[in-house]
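# Results of the structural survey
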Amino acid sequence: MNNYETVFILTPVLSDAQVEEAVKKFEDLLKEKNCEIVTRENWGLKKLAYPIQLKKNGFYTLIEFKGEGSVVADLELAFKRDERVIRYLTTKLDKHAVEYAVTRRTKLKAAKA
């Protein structure tokens, strides 16, 4: 099992319920492929660095998961087929990136508390 992190941007014209439905769709796909979802972060509506498909904003979501390498191709195919997704990036995390992600999560939890 490898550690992966995927960030995707959803179109800004969606309602909160539609955004949650889209994110749940991708989480369910990962669970269906026997992946363990470590964390999910909704970063909310953010301004894009440059316009994508004539849109200047987008809903950002990060999902960190553990799974086999073949699941990445299935996940990215689902991103390509979903018209709500305007950009995505999946990266494999090495041991240093995993340690950094753990410390980042603990700092976020401490800041929220």
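Residues numbered from 1 in each chain as written. Predicted model: local features only at pLDDT ≥ 70, side-chain atom pairs only at ≥ 80, totals over all residues. Heavy atoms only, no water.

An unreviewed UniProt entry lists the chain under the name Small ribosomal subunit protein bS6, with Chryseobacterium taihuense as the source organism. Entered under Function (unreviewed entry) in the UniProt record, the comment concerning the chain runs "Binds together with bS18 to 16S ribosomal RNA." For the chain, the Sequence similarities (unreviewed entry) comment in UniProt is given as "Belongs to the bacterial ribosomal protein bS6 family." (UniProt positions renumbered as here; feature names shortened; annotations may be inferred.)

## What about the overall build of the chain?
The number of helices and strands found in the chain is three helices and four strands. Moving toward the C terminus, one meets the helices and strands of the chain in the order β-α-β-β-α-β-α. For 113 residues, the compact-globule formula gives about 13 Å, and the C-alpha radius of gyration of the chain, at 14 Å, lands near that figure. A total of 113 residues make up the chain; the buried ones form 39% of that total. For the chain, contacts bridging at least 24 residues in sequence account for 72% of all contacts bridging at least 6. Split by element, the accessible area of the chain, about 7200 Å² in all, is 53% carbon and sulfur. Put simply, the chain has 21 plus and 17 minus side-chain charges, and the middle of one group is 5 Å from the middle of the other. (Helix = DSSP H or I, 4+ residues; strand = E, 2+ residues; numbered from the N terminus. Rg over C-alpha atoms; globule rule 2.2 N^0.38 Å. Buried < 20%, exposed > 50% of the residue type's maximum accessible area, 1.4 Å probe, protein only. Contact = heavy atoms within 4.5 Å. Areas by Shrake-Rupley, 256 points an atom, 1.4 Å probe, with all protein chains shown as cover. Lys, Arg positive; Asp, Glu negative; His and termini not counted. Charge placed at Lys NZ, Arg CZ, Asp CG, Glu CD.)

## Brief notes about unusual backbone geometry
At asparagine 34, a residue that is not glycine, the phi angle is positive and equals roughly 65°. Positive phi outside glycine occurs at glutamine 53, with the angle close to 50°. Within the secondary structure layout, glutamine 53 lies in the loop between β2 (36-52) and β3 (55-67). Owing to a relative accessible area of 51%, glutamine 53 belongs among the exposed residues under this scheme.

## Comments concerning the pairing of β3
A regular strand places its side chains so that they alternate between the two faces of the sheet. Two strands pair when backbone bridges link them, and strand β1 (residues 2-10) and β3 are joined in this way by nine bridges, in the antiparallel orientation. What sits directly across from asparagine 2, in β3, is glycine 67. Inspection of the sheet shows β2 paired to β3 by eleven bridges, in the antiparallel sense. The residue bridging arginine 40 from the neighbouring strand is isoleucine 63, located in β3. Count of turn residues in the β2/β3 antiparallel hairpin: two residues, of which glutamine 53 carries a positive phi of about 50°. (Pairing = 2+ DSSP bridges.)

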